[in-house]
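# Fold and geometry: a report
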Amino acid sequence: MGRVVCFANQKGGVGKTTTCVNLCAAVKDKRRSILLIDADPQGNATTGMGVSKHSGQTLYDVLIRGSQAKDAIVKTKYGDVLPANLDLSGAAVELVDMPERELALKRAIAPIRDQYEYIFIDCPPSLGLLTLNALAAADTVLIPMQCEFYAMEGLADLTTSMRLIRNRFNPGLKIEGIVLTMYDRRLSFAGQVAREVEKYFGKALYRTIVPRNVRIAEAPSHGKPVSAYSRLSRGAEAYDLLALEFFKHDHTIDV
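An account of the accompanying structure is given in this report. The structure presented is a predicted model; accordingly, all values stated were derived computationally and were not measured. (Residues numbered from 1 in each chain as written. Predicted model: local features only at pLDDT ≥ 70, side-chain atom pairs only at ≥ 80, totals over all residues. Heavy atoms only, no water.)

## Re the pairing of strand E1 (residues 3-7)
Here is the rule: Accessibility here uses a 1.4 Å probe with only protein chains present; expressed as a share of the type maximum, an area under 20% marks a residue as buried, one over 50% as exposed, and anything in between as partly exposed. In this description a helix means any DSSP run of H or I spanning at least four residues, a strand means any run of E spanning at least two, and both kinds are numbered starting from the N terminus. Whether two strands pair depends on DSSP finding at least two bridges between them.
Where burial is concerned, most of E1 is hidden: four out of the five residues are buried. With five bridges connecting them, E1 and strand E4 (residues 118-122) associate as parallel partners. Following the sheet pairing, Val5 is matched in E4 by Phe120. Sheet topology note: the E1/strand E5 (residues 140-146) ladder contains three bridges and is parallel. Across the sheet, residue Val5 finds its bridge partner in E5, namely Thr140.

## Quick notes on unusual backbone geometry
Positive phi is not limited to glycine here, since Arg31 has a value of about 65°. Taking the relative accessible area as the measure of exposure, Arg31 reaches 78% and is therefore exposed. If you check the backbone angles, Glu100 has positive phi at about 50° while not being a glycine. Within the element layout of this structure, Glu100 appears in the loop between helix H5 (91-94) and helix H6 (104-109).

## Structural notes on the sheet that holds E5
How we decide: Lines fitted to C-alpha atoms define the axes, with helix axes restricted to the stretch in contact, and inter-axis angles between N-to-C directions lie between 0 and 180 degrees. Whether two residues are in contact is decided by their heavy atoms: any pair within 4.5 Å suffices.
Spatial strand order, E3-E2-E4-E1-E5-E6: six strands in an open sheet with parallel pairing. Each end of this open sheet is capped by a strand with a single partner; those strands are strand E3 (80-82) and strand E6 (174-181). Sheet twist, expressed as the average angle between the axes of neighbouring strands with direction ignored, equals 20°. Bridging between strand E2 (residues 34-38) and E3 involves three bridges; their strand directions are parallel. Along E3, the bridge assignment pairs Leu36 with Val81. Sitting on the sheet, helix H7 (residues 129-137) is in contact with E1, E4 and E5, with an inclination near 150° to E1.

## Concerning the state of the cysteines
The following threshold applies: Count a disulfide wherever a pair of cysteine sulfur atoms falls within 2.5 Å.
Enumeration according to the criterion identifies zero disulfides in this entry. No disulfide involves Cys20; its sulfur sits 6.6 Å from that of Cys24, the nearest cysteine. We classify Cys20 as buried; its relative accessible area is 0%. Cysteine Cys123 shares no disulfide, and the gap to the nearest cysteine sulfur, in Cys6, comes to 3.1 Å. In this structure Cys123 comes out as buried when scored by relative accessible area, which is 0%.

See below:
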C-alpha cells in the first residue's frame with residue numbers, strides 16, 4: 001500500500017507546491033511509482049507537472065461528482081497526476097453537508113493506494129476542508145519551510161491543526177520531516193531559523209537544504225519540474241539529493 005505524504009504549511013509562499021512537484025519528479029527519476037494529488041484550487045502543482053487544468057476530470061469530480069480517482073489520473077513522465085483547477089474551490093462549500101466530509105479524500109483514494117509506492121498531496125496554504133481532508137488521508141506530513149520569522153509562525157499553526165486531526169480523524173498522523181526552502185546563506189537570520197527548527201524538531205529536519213535558485217523559479221512557467229528544465233542547476237541537484245534522503249529518512253515524529 002502506498003505511503004501518503006501530505007505537503008502542508010499554513011503560510012503561503014514557502015515553497016510548498018514547488019517542493020511537492022520537484023520531489024515528485026525526483027522520486028519518479030529513481031524509478032519509483034508515484035502519484036501527485038493536487039488539492040489546491042489554484043492548480044499550480046497541476047501545471048507544474050505539465051498538465052492542463054482543463055483537459056479532463058479533476059479532483060473536484062472525484063470528491064463531489066462521484067468520479068473514480070483512477071479515471072481522473074493523468075500520466076506524465078514526471079509522475080502521475082490527479083489534477084485540480086478553480087472548480088475545486090467550490091468543493092469546500094459542497095462538502096459541508098456530506099456525511100464524514102473530512103474523510104472524502106481518504107475514501108476516494110483507497111482503491112488506488114496499492115498501485116503506487118508514494119502518493120503526494122499538495123495542500124492549499126490554509127486550514128479549510130480541503131487541507132483537513134488531506135491531513136485525514138495522509139500517513140505523514142512533510143513541511144516545506146522558508147527561513148523567515150513568519151514561516152515559524154506557520155509551522156506552529158500547522159502542528160496545532162495536526163493535533164486536532166490526530167484526535168478526531170487520523171490518530172496515526174505524524175510529521176514526515178521539515179525541509180528548508182529558498183535558503184539564502186547570505187542572510188544571517190536564515191541560519192538562526194534553521195538552528196531553531198533543529199533545536200525543536202531534531203532529526204525530523206532534513207539535512208538537504210533547497211537554495212534560492214532562479215531555475216527553480218523559472219521551471220513552472222515551462223510546465224516542467226526543475227530536473228527537466230535545467231538538470232545541471234543547483235535547484236535540480238538539491239531535489240535529487242532530497243529524494244535520496246527522503247527514501248532513507250526514518251525520523252518521523254508525533255506532533
